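Notes for the structure review
Residue strings, one per chain:
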Amino acid sequence: MTFSIDPIAESPRRRIDTFAGDLAPATAGDEAEAKPLIGRALERLRAASATVSVVGQVKSGKSSLINALTGLGNFLPTEVNPWTAVITNLYFGHPNKPASGGEFQLFSESEWLRMIEGDAETRRLTEELLPGFRRDILERQVLEMQQNAERRLGALYRLLLGKTHRFNEITPEVLERYVSAGYDAETNPGSTAGRFSGITKSASIFLPPGPFRVPVTVSDTPGINDPFLVRDEITTSSFKHADIFVVTLSAHQALGPADVALLKMLSVHRGKRTVIFVNRIDELPDPVKDVPELLGALDARLKDELGQTGYVLLAGSAGWGRMALLGTDAEVAAAVAAPAVAHLAPEGGTARERIYRASGLPQLAACLSQLIEAGPIRAALSDAATECDSALDLMDKLLSARLGKERSHLVDTSDIPNLIAVEKERIDTRLTALSDVGRGLDAVSGHGRNAILANGDVAIVSVSNVVQSTLNAFVQEQVRALGTAMQAEGAPERWSIDIEALCRRVEAQVMSGYRNARIEIDRILMRHAEALNDRIRPIAGEMDVSKILDSLPSDEILPGFKPHSALVEMDFTAQRGWKFWRARTMSAEEAMERLSQIIHAEMRPAVEALNRTVQEALAARNKAAMDRLADLARAAHVLIESEAGALKSDALALTQSGTRERIAQIQAERTRRAEAISARVAVIGAAREALERDFGDLVAAAPAAAGAVPGKV
């Protein structure tokens, strides 16, 4: 029996289609001047996507929830043990990605070495000086992970490092080789499940749209409470790429300490919404009674722990959702007969539809639809609306100016010899002016691009220097404090260095540095947009560049400075690694120098990650700014070239014939062009009116917070 799950993001799809329909007349026909500029904006809008990251503890049902929500059934493996540390990105309906298949990126040798050994000097000094700086369990687990991979792969292990495996078709069996643990050639020689999971860095699966009406990436992440620390790191490093978080909690043990810690981490990602889905309610003794009590208690504790209500709280069962998709008719009938399902999904529809409603997945789908529309799609629509409104405004002004010239220079056939001379002179003058404007546009656009890039380079170096300077000052302060204490009292039993304040200080400085760089980007963009306006003004009059700064990406960043540990503890009484204190084989000065080296080396990955965040944000802002300048120049070029072509045609006709009939033909051609331009102006005006009517609130609108969504908020 066929069964259809609820679609996701239907309303955003309709909004995008309406937007394209409003602008279709302005881009129709071979002579549509607005087509290149608006066409690119529409391409970007159609490719606009949302990323939904599903996170939670091990065995909270993340993969099962994704399987049921997206209609994938049993596609994602759901039996994953702690040795799997792979983020699986499912790309649904992305126009710039393959329509099917997938690829798996394997750890490179350098990444493995970094995971296993760390910096060689750092690891040696850590073993000797700071036994608590890295926990022994981390090294043991990473080494076990490597050993498992080498045991599974044998001689292939070294050959596979750093490779990417691509498939035209992905089956559950192929996926299990890379993301599911459990491979054991001795006890299960016929199985290949998990064979490459030990060295798989990430999995990218390309799928048709499925239930999604806009491109969506769903990320299935490793568990966050596993003792395998690499798994935590991989999951948390993916947060910056998400637009929406879906946190799965188990109804059996909802909101443990790891869950609270995760939600606090997510709460600092401003502009991103979190949906909390309490899964596995079908396993509660009495879901009808237990679920409202559970949600009420969770809501109260969340408000107490997080101090805010910026989340959506839902409950359901991925198991029921899976049964609606794959269960036999007998299984579905038995489930629907249960009191809980009968209460949660009263009579109406088929048995499968009823158990699907009871699963809570329709509410989750509706919630995601609204968050996708209110978040990434609204932002994309705002960008497109602002760009297209500016493009239409420019087209309107340039075409109107050209129309006035076509009408004002219709020829008078009463004095043909003088007419030919006057027309030739007018055409030559206009062509020279158009050529000068074209060169000026190219010069301004190129200079603006170079200035934006140079500012980005300076900003990156400046922010990096500030971070390094702050880190150096902190290390010197700690080293001096240790030296002073040792000189006064000798080696203490324990020396602790809390770096939490340092992290917050670095983050604040990076935010400030980035903000200054962003302001300078905007100044450069506005200055060069006004310079473009100065070039265009003589041939087309004033154009509105006031909106050129609106809806640019990366207004702010949320830099996360996250060294491996927030607390450095030096145990001077430890039996291993501190013999030199008792034997006095190392001076306090030598120990202080080594401590400085360790802190710098251990913080280096966090500094590099911070620098990458700044670079990525600046790159996005720079590209958008340069695209805006290029689009302005390109749009003006299109009209300039169109008018120049018409003038050259007229000039050629004047040199070929001076008869009254030919002059009359030129006059008729100009009349036709004037009428065509007038019609184009009317079409562009109608498109602007439609855009204002349907999307006026988004033109130059800042991204708004998501509105009310289904569920307990």
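Described below are features of the structure shown in this document. (Residues numbered from 1 in each chain as written. Predicted model: local features only at pLDDT ≥ 70, side-chain atom pairs only at ≥ 80, totals over all residues. Heavy atoms only, no water.)

What to know about the nonpolar core
As a reminder of what qualifies: Within this scheme, the nonpolar core is defined by two criteria: the residues are buried Ala, Val, Leu, Ile, Met, Phe, Trp, Tyr or Cys, and they are joined through side-chain atoms within 4.5 Å. Think of it in three bands: with a 1.4 Å probe and only protein chains considered, a residue is buried below 20% of the maximum accessible area for its type, exposed above 50%, and partly exposed in between. A helix here means a DSSP run of H or I that spans at least four residues, while a strand means a run of E at least two residues long, and both kinds are numbered starting from the N terminus. Pairs of residues are marked as contacts when any of their non-hydrogen atoms sit within 4.5 Å.
Grouped together as the largest cluster of nonpolar side chains are 181 residues, with contacts concentrated most on Phe-19, Leu-90, Val-275, Leu-364, Ile-372 and Phe-561. With 22 residues, the single largest contributor to this core is helix α20 (residues 588-656). Aside from chain neighbours lying at most four places away, what touches Phe-561 is Leu-502, Cys-503, Arg-504, Val-506, Glu-507, Met-603, Ala-606, Val-607 and Leu-610.

Some thoughts on the packing of helix α10 (residues 257-267) against helix α11 (residues 287-306)
Two numbers describe a pair of packed helices, the interaxial angle and the distance between the axes. The line we're drawing: In this description, a line fitted to the C-alpha atoms serves as the axis of each element, helices being fitted only across the stretch in contact, and the angle between N-to-C directions of two axes falls anywhere from 0 to 180 degrees. Under this scheme an angle from 65 to 115 degrees is roughly perpendicular, one under 35 degrees roughly parallel, and one over 145 degrees roughly antiparallel; angles in between are oblique. With the far helix as reference, a near helix turned anticlockwise by less than a right angle produces a left-handed crossing, and one turned clockwise produces a right-handed crossing. Amino acids are sorted into nonpolar (Ala, Val, Leu, Ile, Met, Phe, Trp, Tyr, Cys and Pro), charged (Asp, Glu, Lys and Arg) and polar (every other residue, Gly among them).
One can describe the packing of α10 onto α11 by two numbers: an axis separation of 11 Å at closest approach and a directional angle of 55°. By the angle between their axes, α10 is oblique relative to α11. Pair α10 / α11 crosses with right-handed handedness. Facing Val-260, Leu-263 and Lys-264 of α10, the residues of α11 in contact are Arg-301, Leu-302, Glu-305 and Leu-306. Its residues assigned to classes, the contact of α10 with α11 shows four nonpolar, no polar and three charged.

A look at the environment of Val-614
Its location among the elements puts Val-614 in helix α20. Taking the relative accessible area as the measure of exposure, Val-614 reaches 2% and is therefore buried. Not counting chain neighbours up to four residues away, the residues in contact with Val-614 comprise Val-463, Val-510 and Ile-557.

A look at the side chain of Asp-22
Secondary-structure assignment places Asp-22 in helix α1 (residues 10-27). Residue classification places Asp-22 among the buried positions, given a relative accessible area of 11%. The residues contacting Asp-22, other than those within four sequence positions of it, are Ala-687, Ala-690, Leu-691, Arg-693, Asp-694 and Phe-695.

Quick look at the pairing of strand β7 (residues 244-250)
Selection criterion: Two strands qualify as a pair provided DSSP detects at least 2 bridges between them.
In terms of burial, β7 is largely enclosed, as seven of its seven residues are buried. Where burial is concerned, the two faces of β7 agree: the one with Ile-244, Val-246, Thr-248 and Ser-250 and the one with Phe-245, Val-247 and Leu-249 are both buried. As judged from the five bridges shared by strand β1 (residues 50-56) and β7, these two strands associate in the parallel manner. Residue Gly-56 lies in a different strand from β7, and its bridge partner there is Thr-248. Pairing of β7 with strand β8 (residues 273-279), which is carried by seven bridges, proceeds in the parallel orientation. Across the sheet, residue Val-247 finds its bridge partner in β8, namely Ile-276.

A look at the sheet that holds strand β2 (residues 87-92)
Across the sheet, which stays open at both edges, the nine strands sit in the order β4-β3-β5-β2-β6-β1-β7-β8-β9 with mixed pairing between neighbours. Because the sheet does not close on itself, it has two edges, and the strands there are β4 (164-167) and β9 (311-315). Each neighbouring strand pair of the sheet contributes to a mean axis angle of 15°, computed without reference to strand direction. Contacts between α10 and the sheet are confined to β1, β7 and β8, with β7 contributing the most and set at about 170° to the helix.

Digging into the pattern of salt bridges
Defined as follows: For this document, the term salt bridge refers to a Lys or Arg side-chain nitrogen within 4 Å of an Asp or Glu carboxyl oxygen.
The final tally for this structure, using the stated rule, is 20 salt bridges. The residue Asp-389 makes a salt bridge to Arg-688 at a minimum N-O spacing of 3.5 Å. Of this pair, Asp-389 sits in helix α16 (residues 361-408) while Arg-688 sits in helix α21 (residues 660-695), placing them 299 residues apart in sequence. The partly exposed category is assigned to Arg-688, whose relative accessible area is 25%.

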